[in-house]
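What follows is each chain in one-letter form.
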Amino acid sequence: MKPVSKLVVIFLSVIVSAVILQSCGSSAAKDDKEKTAAAPAPALEAFTLQKGEMTSSIQIPGELIAFQRVDLYAKVSSFVKKLYVDVGSEVTAGQLLVTMEAPEVNAQLSGAESRLKSQEAIYLSSKATYDRLYETSKTPGTVSQNDLDVAFAKQKSDYAQLDAAKASYREVGDTRNYLEIRAPFSGVISRRNVSPGAYVGPAGKGSDLPIFTLQEQKKLRLVVSVPEAYNSYLSNKSEVNFTTKSLPDQIFKASVSRLSGALDERLRSQSIEMDVFNNDKKLLPGMVAEVSIPLTSGNTTAFVVPSKAILNSTRGVYVIKVVDNKAIWQPVKTGRKVDDKTEVFGNLKLDDVIIKTANEEIRDSSEIKHLTMVGLK
């Protein structure tokens, strides 16, 4: 055979092989398409709509403050004589904290005492005069009625002057008592701003800072500002849990004791207070607490659906209802979300059939051929 004839035979063999392979590939692809077209579409999962109660909580920072706190100032201008306590001292109600001295007050007290004694003597004299005239007047014609009335008026006037002298003496005595400062309640001294010999007086008159700051430590207030959206879930006696940065592994409990009853105009939040008993003194005034407030509405008026059943599209928020084997996009508004469940509000009713996993591939008004009903946990 000639070389040219051999090349022609080989070329024709290659072409025939390629045609056979292409035919086989086309047949296989066609068979695959036919199998795919024949496979049924997966069934959509759906559930019946029910009402439920959502229980959740919010985390809000709060502040621990002393249940009682007071800055102690000097009532009168004076000098510190002796301090009996210092920072960190635990004191009881009525305990003497500091004594002061003011020589002019002692002089005023001596003067008031002298005036009191003088007025007492004047009153006793006028009283004795009236008593003698009264006894004498019992004998007719011895004392005129006018003299008796004048003596009686003099006695009354001197008695009034005596009362005024007593009041003046008490006033100066009370002023001298201000030279001693006692604890108004039991607590701990958290600040001291003076030393013995320092000049002190009312705020702005010799002393801008208080002598002591006293804070109650065994009972604290936990103050929290709750946003407006969560106020309906709170009431007196609601229990909360909180932690602090210094004791992150310990959970403390408290109950709502007071609600302010009004919103802060700037923050639009309501201030609430909880009493915290701190007998072991683990907590300190000024600590920042992380407060967990439970949000339980106490009613079951809202519909609760899985969060995946809510479709967020460019047109709005929907759930997909199944009505007469057709998908209906139902507009809704969402409420609270807890874990994988969400409250929904809209034109819905009990036992509506809702697609469990919503997506935009399920067109509005499209036909639902395969549907599987599932329950919700």
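Quantities reported herein were computed from a predicted structural model and do not represent experimental measurements.

**Some thoughts on the nonpolar core**
Reasoning step 1: Ranked by internal contacts, the top residues of the largest apolar core, which has 23 residues, are Leu222, Val224, Phe242 and Ile293.
Reasoning step 2: Counting residues per element, the ones that place at least two in this core are strand 3 (55-66), strand 12 (219-227), strand 13 (239-244), strand 14 (252-263), strand 15 (269-277) and strand 16 (288-296).
Reasoning step 3: Within the second largest apolar cluster, 22 residues are counted, among which are Val76, Met100, Ala183 and Ile211.

**Brief notes about helix 3 (residues 145-177)**
Reasoning step 1: If you check helix 3, its first and last C-alpha atoms are 48 Å apart, about what 33 residues at 1.5 Å a residue would give, namely 48 Å.
Reasoning step 2: Buried residues of helix 3: Leu148, Ala151, Gln155, Asp158, Leu162, Ala165, Val172 and Gly173, and no others.

**Some words on the sheet that holds strand 9 (residues 187-192)**
Reasoning step 1: On the basis of which strands lie adjacent, the open sheet formed by four strands has the order 4-11-9-6 and antiparallel pairing. This sheet does not close on itself; its edge strands, each paired only once, are strand 4 (69-72) and strand 6 (90-91).
Reasoning step 2: The pairing of strand 6 with strand 9 spans two bridges and is antiparallel. Counterpart to Val91 in the pairing with strand 9 is Gly187.

**Considering the pattern of salt bridges**
Reasoning step 1: Under the counting rule described, the total for this entry stands at 13 salt bridges.
Reasoning step 2: Here Arg221 makes a salt bridge to Glu273, at a shortest N to O gap of 2.8 Å. Here Arg221 is found in strand 12, whereas its partner Glu273 is found in strand 15, with 52 residues between them in sequence. The same class applies to Arg221 and to Glu273, which are both buried.
Reasoning step 3: A salt bridge links Arg258 to Glu273, with the shortest nitrogen-to-oxygen separation between them at 2.9 Å. Placement of Arg258 in strand 14 and of Glu273 in strand 15 is noted, with a sequence separation of 15 residues between them.

**As for helix 2 (residues 103-136)**
Reasoning step 1: Given a rise of 1.5 Å per residue, 34 residues ought to cover 50 Å, and the 50 Å separating the end C-alpha atoms of helix 2 matches this to within 8%.
Reasoning step 2: Taken together, the buried positions of helix 2 are occupied by Val105, Leu109, Ala112, Leu116, Gln119, Tyr123, Ser126 and Tyr130.

**Some details on the packing of aromatic side chains**
Reasoning step 1: All told, the structure shown has six aromatic pairs when counted by the stated rule.
Reasoning step 2: Here the aromatic rings of Tyr130 and Phe152 are separated by 5.1 Å at their centres, their planes lie at 55 degrees, and the arrangement is tilted. Remark: Phe152 occurs in helix 3 and Tyr130 occurs in helix 2; sequence separation between them is 22 residues.
Reasoning step 3: A connected cluster of aromatic rings, assembled from ring pairs, spans Tyr130, Tyr134 and Phe152.
Reasoning step 4: Here the basic side chain of Lys75 rests over the ring of Tyr178, its NZ or CZ set 5.7 Å away from the ring centre.
Reasoning step 5: When the ring centre of Phe67 is taken as origin, the NZ or CZ atom of Lys219, which lies over that ring, is 4.2 Å away.

Cut-off values and rules
- Residues numbered from 1 in each chain as written.
- Predicted model: local features only at pLDDT ≥ 70, side-chain atom pairs only at ≥ 80, totals over all residues.
- Heavy atoms only, no water.
- Core = buried A, V, L, I, M, F, W, Y, C linked by side-chain atoms within 4.5 Å.
- Buried < 20%, exposed > 50% of the residue type's maximum accessible area, 1.4 Å probe, protein only.
- Helix = DSSP H or I, 4+ residues; strand = E, 2+ residues; numbered from the N terminus.
- Expected span 1.5 Å × (residues − 1).
- Pairing = 2+ DSSP bridges.
- Salt bridge = Lys/Arg side-chain N within 4 Å of Asp/Glu carboxyl O.
- Phe/Tyr/Trp six-rings, centres within 6.5 Å; stacked < 30°, edge-to-face > 60°.
- Lys NZ or Arg CZ within 6 Å of the ring centre and 35° of its normal.

Taken by themselves, the reported measurements are silent on function.
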